[in-house]
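Here are the chains, one letter per residue:
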Amino acid sequence: MVLQQVKSTIYLYLNLLGIHLFMRRLLPIYYLLILFSSSCISNKRITYLQNLSDSTSYDLNEFIPFAEVDYQYILQPYDMVEIDFATSDEELTEAFTFMGGQQGGGMGGMGGGMGGGGGSDPLYFRGFAIDKDGMVEVPKLGKIEIAGLTEEQAKQKVQTAINEYFKEEVYVRLRIAGIRYTTLGEFNSVGVQVIFKNRATIFDALANSGETTLLGKKNQLFIIRQYDGGVKIHQINLNDRALLASPFYFIQPNDILYMEPMKIRQIGTADNLTASLALFAGLLASTLLMINLVTGGN
């Protein structure tokens, strides 16, 4: 449609000026416009959850079971955890609070995400860091090894340590305070993101980071995931409905999501491609008009 409008505009100017000789000279320009038009993005490349021919198909309203994966996150060195203590004796809980730190209450009423990594992360200033040896240092209790454990296992280990220190009943709450992940590449919001939920899907992560841009390769989203002692790079296809049954449908804390751009990025964004072609046609017609006026139509 855009190509037809461009051709009609040029033909109109040429016919009015009576310079049909330029028609043959415009053929290379037509080929260039065809090349640009062929670069337009197909809906198949940007539509989520399609039934692809080379993948398992799922009908609407069909039940799709989750992949059998252990979604319990294992704490790792350099993670930040939040540890709160509660008891009827406030003086006891003050003994576990760092000078200048906030007391109790966890993350308060915070919700949603921290788009683009903007602002500061409260957990960084008030949380407990797991060191390279997998230890977390708690006031009065000293160092406790919690790397390699789930949140519940780590909580029980800290609870056991505090029960040995105090005779009074002290309740312990330990958590990673949301799912932190990083978005890079063709996302509308890049940086460290946070979802304050215990479990989140890949589409939760996309929505929380402002969706992908129109130029992102949705069929090649890379997930860089941490494992015990290293990382693995996985690749998923957001266009494929079979993703719902994939073990990577749910993200994990510290995941890095990277989306490559399409090749069309090299010639500009798809949003302004149509406007660029129309502007090009107008400039070309104006140039031909000026040439005709200067040469007197000869």
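The rules behind each value
- Going along each chain's sequence as written, the residues are numbered from 1 onward.
- Two thresholds apply to this predicted model, a pLDDT of at least 70 for residue-level local features and 80 or more for giving and counting side-chain atom pairs, whereas whole-chain, interface and lining totals are computed over all residues.
- Derived side-chain values reflect all non-hydrogen atoms in the structure, with water molecules and hydrogen atoms excluded from consideration.
- Strands are runs of DSSP state E lasting at least two residues, helices are runs of H or I lasting at least four, and both sets are numbered from the N terminus onward.
- When accessible area is computed with a 1.4 Å probe and restricted to protein chains, residues below 20% of their type maximum are described as buried, those above 50% as exposed, and intermediate ones as partly exposed.
- Any pair of residues with heavy atoms lying within 4.5 Å of one another is described as a contacting pair.
- Buried residues of nine kinds, namely Ala, Val, Leu, Ile, Met, Phe, Trp, Tyr and Cys, make up a nonpolar core once their side-chain atoms join them within 4.5 Å.
- Only strands that DSSP links by at least two bridges are regarded as paired with each other.
- Within this analysis, patches are made of residues with over 30% relative accessible area and no salt bridge. Like charges are joined at 9 Å or less; nonpolar side chains (Val, Leu, Ile, Met, Phe, Trp, Tyr) at 5 Å or less.
- Working definition of accessibility: Shrake-Rupley area with a 1.4 Å probe, residue cover restricted to the visible protein chains.
- Salt-bridge detection follows one rule: a side-chain nitrogen of Lys or Arg within 4 Å of a carboxyl oxygen of Asp or Glu.
- None of His or the chain ends enter the tally, which takes Lys and Arg as positive and Asp and Glu as negative.
- Here the site of a charge means NZ on Lys, CZ on Arg, CG on Asp, or CD on Glu.
- Between 30 and 60 degrees the pair is tilted, below 30 it is stacked and above 60 it is edge-to-face, where a pair is any two Phe, Tyr or Trp rings, Trp via its six-membered ring, whose centres lie within 6.5 Å.

- Under an unreviewed UniProt entry, the name given to the protein chain is Polysaccharide export outer membrane protein, and the source organism is Algoriphagus marincola HL-49.

### What to know about the overall build of the protein chain
Okay, step 1: The number of helices and strands found in the protein chain is eight helices and ten strands.
Okay, step 2: Relative to its 298 residues, the protein chain shows a buried fraction of 39%.
Okay, step 3: For the protein chain, restricting intrachain contacts to residue pairs at least 6 apart in sequence, the fraction spanning at least 24 positions comes to 67%.

### Points about the side chain of Thr 150
Okay, step 1: With respect to the helices, strands and loops of the structure, Thr 150 is situated in the loop between β4 (142-145) and α6 (151-165).
Okay, step 2: When near neighbours in sequence (up to four residues on either side) are disregarded, Thr 150 contacts Gln 72, Tyr 73, Ile 74 and Leu 75.

### A few points about the nonpolar core
Across soluble globular proteins, you tend to see nonpolar side chains buried next to one another.
Okay, step 1: The biggest cluster of nonpolar side chains holds 23 residues, and the ones touching the most others in it are Ile 202, Leu 221, Ile 236, Leu 238, Ile 251 and Leu 257.
Okay, step 2: Of all the secondary-structure elements, those providing two or more residues to this core are β6 (179-185), α7 (202-208), β8 (216-227) and β10 (255-261).
Okay, step 3: Non-local contacts of Leu 238, meaning those with residues more than four positions away in its chain, are made with Tyr 48, Leu 49, Ile 202, Phe 203, Leu 206, Lys 218, Asn 219, Leu 221, Leu 243 and Met 259.

### Considering the pairing of strand β5 (residues 171-175)
Okay, step 1: The alternating pattern of β5 places Val 172 and Leu 174 on a buried face, while none of Tyr 171, Arg 173 and Arg 175, on the opposite face, is buried.
Okay, step 2: In terms of strand pairing, strand β1 (residues 80-86) meets β5 through five bridges, oriented antiparallel. Within β5, the residue paired with Ile 83 across the bridge is Leu 174.

### What to know about the pairing of β6
Okay, step 1: Of the strand pairs in this sheet, β6 and strand β7 (residues 191-195) are connected by five bridges, and their pairing is antiparallel. When the sheet's bridge partners are listed, Thr 183 is paired in β7 with Gly 191.
Okay, step 2: Here β6 folds back onto β7, and the loop between the two strands holds five residues.
Okay, step 3: Note that β6 and β10 share five bridges and pair parallel. Across the sheet, the residue bridging to Tyr 181 is Asp 255, located in β10.

### A few points about the environment of Pro 247
Okay, step 1: By secondary structure assignment, the location of Pro 247 is in the loop between β9 (230-236) and β10.
Okay, step 2: Placed 179 residues apart in sequence, Pro 247 and Glu 68 show a C-alpha to C-alpha distance of 7.2 Å.

### Concerning a negative patch on the surface
Okay, step 1: Taken together, the side chains of Asp 89, Glu 90, Glu 91, Glu 94 and Glu 168 present a region of like negative charge at the surface.
Okay, step 2: Take Glu 90: it is sitting in helix α4 (residues 90-94).
Okay, step 3: Relative accessible area serves as the criterion here: at 60%, Glu 90 is assigned to the exposed category.

### Digging into the packing of aromatic side chains
Okay, step 1: Taken as a whole and assessed by the stated rule, the structure comprises seven aromatic pairs.
Okay, step 2: An aromatic cluster is defined as three or more aromatic residues linked by ring pairs; in this entry it consists of Tyr 48, Phe 66, Phe 203, Tyr 249 and Phe 250.

### Let's talk about the pattern of salt bridges
Okay, step 1: Considering all chains together, one arrives at seven salt bridges under this definition.
Okay, step 2: Close ionic contact of Arg 175 with Glu 82 constitutes a salt bridge, the shortest N to O distance being 3.1 Å. Of this pair, Arg 175 sits in strand β5 while Glu 82 sits in strand β1, and the two are 93 residues apart along the sequence.
Okay, step 3: Given the relative accessible area of 1%, Glu 82 is considered buried.
Okay, step 4: Between Arg 225 and Asp 255 there is a salt bridge; the shortest N-O distance is 2.7 Å. In this pair, Arg 225 sits in strand β8 while Asp 255 sits in strand β10, placing the two residues 30 residues apart along the sequence. Each member of the pair, Arg 225 together with Asp 255, is buried.

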